[in-house]
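Here is how the chains run, residue by residue.
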Amino acid sequence: MISQAAPTFADIVAARRRIAGLIRSTPLVTAAELGTVSLKVESLQETGSFKVRGAANALLMLDAAERAAGVVAVSSGNHGRAVAFVARSLGIAATVCVSARVPAVKVEAIGALGARVVVGGPGQDEAEAAAHRLGLETGATFIHPFDDPRVIAGQGTLGCDIVEAAPDTSTIVVPLSGGGLISGLALAAKALRPRIKVIGVSQDRGPAMYDSLRAGRLTDVVEEDTLADALAGGLGAENRHTLRMCRDLLDDVVLVSEEEIAAAMRHLRRRHGLRVEGGGAVGVAALLAGKVDATVATVAVISGGNVADETWERVTG
Ligand SMILES: *Cc1c(COP(=O)(O)O)cnc(C)c1O
């Protein structure tokens, strides 16, 4: 049985060593046109998003019996792809439950890595319920996309990488959905540099964590279509870690519109030659829109690059 204790900085340091062989070291590039800003380009990470960090840490912590029984995940696309990639690397059987809203390009990428894909229902909540059911039926270990201490610790390694590469950083701007990435990243960055500010950015169409933080409790969101498909979906029926961690660790959360996300995707293509999905571009969207102070040393996390060709061309072409 895996401990469900909240992740610590020591867990993140241990994760960094554990996952080193499965992830890439991604560049930090200057974006002076945005202000005193650098971009941490995790869209160039293995599987096209930072999610491989958490997936690698979680799967590498399974014992032999758990590995033999396989894993089951629920995903809006990138977590599933990351779990499928790590599972294949380690010889573990993986099933990924998705909702009908997940873009086909992401579903195909998961299948291409040898995982079984199950469309669990119309929305993320139904897909999560299907994944839990499959876990109970088959004995496979459920790997949550964000509310799992092993996953949070894995994502937190990105905070260590950023502070190591840019020790004088004042603010880190981070795409925010369920909060696994920003919780781990903020825990690590603030352990190393207590004065660093961490700002979350979500899409204004169904910002689950933003709504829950404002309400002071878990709230439901209505899932809407958004360019930031990787950020869509709710926090689930219960939440053990990320809501509390976001409440304790974040300095601010800002929202961006569809137009602002599109402008950021175009900007990243034209000025930096980077292919970035909507969810990965929200930090730059907030900077371009003047919603985050770009006059202090700022790192914006570019969290993913998995976008369908037709969306990419329609938005940025
Ligand atoms: C999953 C994801 C996020 C958000 O991560 P959370 O841990 O759910 O907050 C941001 N960007 C991309 C590209 C993602 O795939």
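Residues numbered from 1 in each chain as written. Predicted model: local features only at pLDDT ≥ 70, side-chain atom pairs only at ≥ 80, totals over all residues. Heavy atoms only, no water.

Caption draft 1: Spotlight on the domain arrangement of the protein. For the protein, the domain assignment lists domain 1 (9–49 + 150–316) and domain 2 (53–143). Using only C-alpha atoms to locate each centre, domain 1 and domain 2 end up separated by 22 Å. On the side of domain 2, 26 residues touch domain 1, which itself brings 30 residues to the contact. When domain 1 packs against domain 2, the two sides together hide about 2,400 Å² of surface, and 54% of this comes from carbon and sulfur. Where domain 1 touches domain 2, the interface holds 6 salt bridges. Viewed at the interface, domain 2 and domain 1 are joined by 14 residue pairs in polar contact (both at pLDDT 80 or more). Elements represented by at least two residues in the side of domain 1 that touches domain 2 include exactly helix 1 (9–19) and helix 7 (149–165). Of the residues forming the side of domain 1 that touches domain 2, the biggest block, 8 residues, is contributed by helix 7. Across the side of domain 1 that touches domain 2, the residue classes tally to 10 nonpolar, 10 polar and 10 charged. (Domains from an automatic or database assignment. Contact = heavy atoms within 4.5 Å. Buried area = accessible area lost by both parts, 1.4 Å probe. Salt bridge = Lys/Arg side-chain N within 4 Å of Asp/Glu carboxyl O. Polar contact = N/O pair within 3.5 Å; in protein donor to acceptor, adjacent residues only side chain to side chain. Helix = DSSP H or I, 4+ residues; strand = E, 2+ residues; numbered from the N terminus. Nonpolar A, V, L, I, M, F, W, Y, C, P; charged D, E, K, R; others polar.)

Caption draft 2: Structural view of the sheet that holds strand 1 (residues 28–30). A sheet is described by the order of its strands in space; here 6 strands give the open sequence 1-2-10-7-8-9, paired in mixed fashion. This sheet does not close on itself; its edge strands, each paired only once, are strand 1 and strand 9 (252–256). Put simply, the sheet's adjacent strands are angled 25° from each other on average, direction ignored. As paired elements, strand 7 (residues 171–175) and strand 10 (residues 298–302) share 3 bridges and run parallel to each other. Considered in strand 10, the bridge of V173 is made with A300. (Pairing = 2+ DSSP bridges. Axes fitted to C-alpha atoms, helices over the stretch in contact; angles between N-to-C directions.)

Caption draft 3: Broad picture of the pattern of salt bridges. Taken as a whole and judged by the stated rule, the model has 16 salt bridges. Here R16 makes a salt bridge to E164, at a shortest N to O gap of 3.0 Å. Here the residue R16 occupies a position in helix 1, and E164 occupies one in helix 7, the gap between them amounting to 148 residues. By relative accessible area, R16 is classed as partly exposed at 27%. Residue E164 is classed as exposed on the basis of its relative accessible area, which comes to 57%. With a shortest N-O distance of 3.6 Å, D248 and R244 are connected by a salt bridge. Of this pair, D248 and R244 both sit in helix 10 (residues 242–249), 4 residues apart, which is roughly one turn of the helix. Counted as one network, the salt bridges with shared partners bring together R16, E42, R53, D161 and E164. (Buried < 20%, exposed > 50% of the residue type's maximum accessible area, 1.4 Å probe, protein only.)

Caption draft 4: The arrangement of the side chain of T141 in detail. One can find T141 in strand 6 (residues 141–143). Those residues in contact with T141, other than ones at most four positions away along the chain, are L62, E66, G70, V71, V72 and R150.

Caption draft 5: Structural view of the packing of helix 9 (residues 208–215) against helix 10. Packing of helix 9 against helix 10 leaves a shortest axis separation of 10 Å and a crossing angle of 70°. Between helix 9 and helix 10, the interaxial angle falls into the category roughly perpendicular. Taken together, the residues of helix 10 that come into contact with helix 9 (itself represented by M209, S212 and L213) are T242, L243, C246 and R247. Here the residues of the contact of helix 9 with helix 10 are counted per class, giving 4 nonpolar, 2 polar and 1 charged. (Parallel < 35°, antiparallel > 145°, perpendicular 65-115°, else oblique.)

Caption draft 6: Geometry of the environment of E277. Position of E277 among the secondary structure elements: in the loop between helix 11 (258–272) and helix 12 (282–288). With relative accessibility at 2%, the residue E277 sits in the buried group. Sequence-wise, E277 and L243 are 34 residues apart; in three dimensions their C-alpha atoms are separated by 25 Å. Filtering out sequence-adjacent residues up to four positions away, E277 remains in contact with G48, N78, K106, D229, A230, M265, G304, G305, N306 and V307. Of the polar contacts made by the side chain of E277, one reaches the backbone nitrogen of G305; its length is 3.3 Å.

Caption draft 7: The arrangement of the site of the ligand in detail. Near the ligand, the surroundings consist of 17 residues, among which K51, N78, G179, L181 and S303 are the closest. S177 places a main-chain nitrogen or oxygen 2.9 Å from an oxygen atom of the ligand. L181 is positioned such that a nitrogen or oxygen atom in its backbone is 2.8 Å from an oxygen atom of the ligand. If the ligand stood free it would expose 380 Å²; the protein chains cover 98% of that surface. Its residues placed into classes, the shell around the ligand shows 7 nonpolar, 8 polar and 2 charged. (Near = heavy atom within 4 Å. Areas by Shrake-Rupley, 256 points an atom, 1.4 Å probe, with all protein chains shown as cover.)

Caption draft 8: View of the nonpolar core. Judged by nonpolar contacts, the single largest core of 37 residues is most densely connected at I172, V174, L185, V198 and L250. A total of 7 residues in this core trace back to one element, the largest contributor, which is helix 8 (residues 180–192). With residues near it in sequence (within four places) discarded, I172 still touches I162, L185, A189, I196, K197, V198, I199, V299 and V301. The next biggest cluster of nonpolar side chains, apart from the first, holds 33 residues, and it includes V201, I261, A262 and V282. (Core = buried A, V, L, I, M, F, W, Y, C linked by side-chain atoms within 4.5 Å.)

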